[in-house]
Amino acid sequence: MNIDNNYIVKLRRELHMYPEVDFDLPKTVAVVERELEAMGVPYTEKYGKGSVVGYINPEKEGFTIGIRADMDALRMTEANECEYRSRHDGMMHACGHDAHTAILIATAKALKEMEKDLACRVKLIFQPSEEGFESGSVMMVENGVLDDVDIMLGLHVWTNDVGKLGLCSGVVTASSRHFEIEIGGKSSHATEYDKGIDALAIAVKMYQGIQDIFANEVDPMERVICRVTKFNSGTAQNILPDSAVIQGTIRTLNVSVSEFIHDRIQKLAHCLSELHNVEIKVHAPLKATCVYNNPYLAKLMEQSMVKVVGQENIQNITYSLGSEDFSRYTDVVPSVFFRLGTRNEEKGIDRTFHQVDFEIDEDALKLGAQSFVQFVLDHQNGIDVEAARKSDKRNG
């Protein structure tokens, strides 16, 4: 296979300089489409805002492999002083999606060069809004992106050492439910508080109530995180605030626990609304279920990865309480999601995700594309669907 790491690095740095968030990704989409056009890969934007889907062997019927890359960045200000640091104030690729996008473009290039010799079709899925409040994968699945896909592949750069690939079967990440609570009130002068309704004071009660639910009502044996991460209210030191907004996240391996906490937050909001005669709105969609690696596919992926890095560089990983909306693909078709090691302490690259000085060792990027291409080459004639179905422990 012909994969040039310098090509991937150049793309990754271009994407890194112009990070975009949620579904609003015009520059990112333009880079993806520019590269696909240059290599003669047809593509469409029909699966939703901010998305691009390219095709290798678009006319070929039968077995179809989907490969996904998320493209969006985070609302953070980058602290790195490299030449390719973010040019967009308040936005940064601090989770590696620039690398994911560049890797999938390189994968497309390699597969296009061998397209005539491939027995399968490959669907290249460039997805928006993995980090956003609303899920890009949900949008794309609802718009039919998986209707002609048999299996799905994905990866995430990770804090295991460069040169290592991480894989497990079964549950890989936790489910994720983001919540936003809007609290109404009534403004007044701070010295005439009896004429107003203090939305900030109600928000504090809401915050304390959420902490009590998590601390006192959730089974301590459950693996669950419930955190308030944003709290906004008020405009001046002498005005009673007429509104407040709370945001946070619930992560758990057991979706029923997430539903329980959500239900209790709704009841808490109702009680405080009745007590203070205000409107309290709770918006808390289940963004991501648990990413689930089909055990049969995980074994096949490991065999392909061994050809790329050797058995000694394959790490058996455990699940993470982080979340990934790649889960929405794993809910529909057999899928596998692996980790690409990009940590290198010798180079001072040792930060974790969502930090303002996050960086990756770019020497690892080629290994991601090679793993995707090797899997396609190894399984272009299809897989044993019945074996994959039987290996899925979720089916009992």
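Right above here is the structure, for reference.
The structure reproduced in this document is the subject of the present report. (Residues numbered from 1 in each chain as written. Predicted model: local features only at pLDDT ≥ 70, side-chain atom pairs only at ≥ 80, totals over all residues. Heavy atoms only, no water.)

1. Regarding the overall build of the protein
Spelled out, the test is: Helix and strand labels come from DSSP, where a helix needs a run of H or I of at least four residues and a strand needs a run of E of at least two; each type is numbered from the N terminus. Radius of gyration means the value over C-alpha atoms here, while the globule rule gives 2.2 Å times the residue count to the 0.38 power. Any two residues whose heavy atoms approach within 4.5 Å at even a single point are treated as in contact. Note on areas: Shrake-Rupley, 1.4 Å probe, and residue coverage restricted to the protein chains presented here.
Each helix and strand counted, the protein has 10 helices and 18 strands in total. Relative to the 2.2 N^0.38 estimate, which gives 21 Å for 396 residues, the radius of gyration of the protein is 23 Å and therefore close to what a compact globule would have. Once the C-alpha set of the protein is aligned to its principal axes, its extents read approximately 80 × 50 × 45 Å. Residue pairs at least 24 apart in sequence account for 81% of intrachain contacts in the protein once pairs closer than 6 positions are excluded. As displayed, the protein has an accessible area near 17,300 Å², and 47% of this comes from carbon and sulfur atoms.

2. So, the sheet that holds strand β6 (residues 165-167)
Where we set the bar: The pairing criterion for strands is at least two bridges between them, as found by DSSP. All axes here are fitted lines through C-alpha atoms, helices being fitted over the stretch that makes contact, and every angle between N-to-C directions spans 0 to 180 degrees.
Pairing is mixed in the open sheet, where 8 strands are placed in the order β1-β2-β4-β3-β5-β18-β6-β16. Taken across any chain shown, the strands that pair with only one partner, and hence form the sheet edges, are β1 (43-44) and β16 (314-316). Relative to strand β4 (residues 121-127), strand β2 (residues 52-56) runs antiparallel, the two being bridged by 5 bridges. Bridging from a neighbouring strand, Tyr 55 pairs with Lys 123 of β4. Lying on the sheet, helix α2 (residues 26-39) is in contact with β1, β2 and β4; it crosses β2 at an angle near 15°. Sitting on the sheet, helix α7 (residues 295-309) is in contact with β5 (151-161), β6, β16 and β18 (335-343), with an inclination near 170° to β6.

3. Re the packing of aromatic side chains
Heads up, the rule is: Any pair of Phe, Tyr and Trp rings, taking the six-membered ring for Trp, is counted once the centres come within 6.5 Å. Such a pair is stacked with planes under 30 degrees apart, edge-to-face with planes over 60 apart, and tilted for the rest. The classification of residues rests on relative accessible area computed with a 1.4 Å probe and restricted to protein chains. Under 20% of the type maximum is buried, over 50% is exposed, and intermediate values are partly exposed.
Under the defined criterion, the tally for this structure stands at 6 aromatic pairs. Ring geometry for Tyr 207 and Phe 231: centres 6.4 Å apart, planes at 65°, overall edge-to-face. With Tyr 207 in helix α5 (residues 199-216) and Phe 231 in strand β10 (residues 224-233), the pair connects residues that are 24 residues apart, well separated along the chain. Note on Tyr 207: relative accessible area 34%, which makes it partly exposed. Using a relative accessible area of 31% as the deciding quantity, one classes Phe 231 as partly exposed.

4. Thoughts on the layout of surface pockets
The test is simple: Two kinds of site are reported from a 1 Å grid over the protein atoms alone, namely cavities, where a 1.4 Å probe fits but cannot get out, and pockets, open sets with protein on both sides within 12 Å along at least five of seven lines, and residues are called lining when an atom falls within 4 Å of a point. Grid points are joined across faces, edges and corners, and a volume is the space filled by probe spheres set on the points.
Roughly 1,100 Å³ of volume is contained in the largest pocket. Mapped by element, the contributors of at least two residues to the lining of the largest pocket are β5, β8 (173-184), β10, β12 (243-252), β14 (286-288), β17 (320-323) and β18.

5. Notes on empty space enclosed by the protein
For the record, the criterion: All residues other than Ala, Val, Leu, Ile, Met, Phe, Trp, Tyr, Cys, Pro, Asp, Glu, Lys and Arg, Gly among them, are scored as polar; the first ten of these are nonpolar and the last four charged.
In total, this model carries 2 cavities of 30 Å³ or more according to the counting rule given. Approximately 40 Å³ is the volume found for the largest cavity. Taken together, Trp 158, Thr 159, Thr 342, Arg 343, Ile 349, Asp 350, Arg 351, Phe 358 and Glu 359 make up the full set of residues lining the largest cavity. Counting only elements with at least two residues in the lining of the largest cavity, the list comes to β5 and β18. Classifying every residue of the lining of the largest cavity by side-chain character gives 3 nonpolar, 2 polar and 4 charged. Looking at the second largest cavity, its volume works out to about 30 Å³. Looking at the second largest cavity, the residues that line it are Arg 68, Ala 69, His 100, Ile 103, Leu 104, Leu 155 and Phe 372. Of all the elements in the fold, those that place two or more residues in the lining of the second largest cavity are β3 (64-70) and α3 (97-113). Among the elements that take part in the lining of the second largest cavity, α3 stands out by supplying 3 residues, more than any other. Among the residues making up the lining of the second largest cavity, the classes are represented as 5 nonpolar, 1 polar and 1 charged.

6. Digging into the pairing of β2
Most of β2 is tucked away, with 5 of its 5 residues classed as buried. Here β2 shows no split at all, with Val 52, Gly 54 and Ile 56 on one side and Val 53 and Tyr 55 on the other all buried. In the sheet, β1 pairs with β2 via 2 bridges, with the strands oriented antiparallel. Counterpart to Thr 44 in the pairing with β2 is Val 53.

7. Regarding α7
Condition: Any helix carries an expected span of 1.5 Å times its number of residues minus one.
Here α7 spans 21 Å end to end across 15 residues, near enough to the 21 Å set by a 1.5 Å rise per residue. When α7 is considered as a whole, its buried residues turn out to be Pro 295, Leu 297, Ala 298, Leu 300, Met 301, Ser 304, Met 305, Val 308 and Val 309. Two residues or fewer past α7, Gly 310 is found with a positive phi of approximately 90°.

8. Re the packing of helix α1 (residues 5-17) against helix α9 (residues 365-379)
The condition is simple: Note that the term roughly parallel is reserved for angles under 35 degrees, roughly antiparallel for angles over 145, roughly perpendicular for angles of 65 to 115, and oblique for everything else. When the near helix sits turned anticlockwise from the far one by under a right angle, the crossing is termed left-handed; a clockwise turn instead gives a right-handed crossing.
Relative to each other, α1 and α9 sit at 110°, their axes nearing to 9 Å. Taken together, the axis directions place α1 and α9 in an arrangement best described as roughly perpendicular. Handedness of the crossing formed by α1 with α9: right-handed. Packed against α1, whose contacting residues are Asn 5, Ile 8, Val 9 and Arg 12, the element α9 presents Leu 365, Lys 366 and Ala 369 at the interface. Of the residues contributing to the contact of α1 with α9, the split by class is 4 nonpolar, 1 polar and 2 charged.

9. A word on the pattern of salt bridges
Worth spelling out the cut-off: A carboxyl oxygen of Asp or Glu within 4 Å of a side-chain nitrogen of Lys or Arg is what we treat as a salt bridge.
In total, this model carries 27 salt bridges according to the counting rule given. Between Asp 331 and Arg 394 there is a salt bridge, with the nearest N and O atoms lying 3.9 Å from each other. Pair noted here: Asp 331 is in the loop between α8 (327-330) and β18 and Arg 394 is in the segment after α10 (385-391), with a separation of 63 residues, a long-range link. Looking at Asp 331, the relative accessible area reads 38%, which means it is partly exposed. Among the charged side chains, a network of salt bridges with common partners joins Arg 12, Arg 13, Glu 83, Asp 98, Glu 359 and Glu 362.

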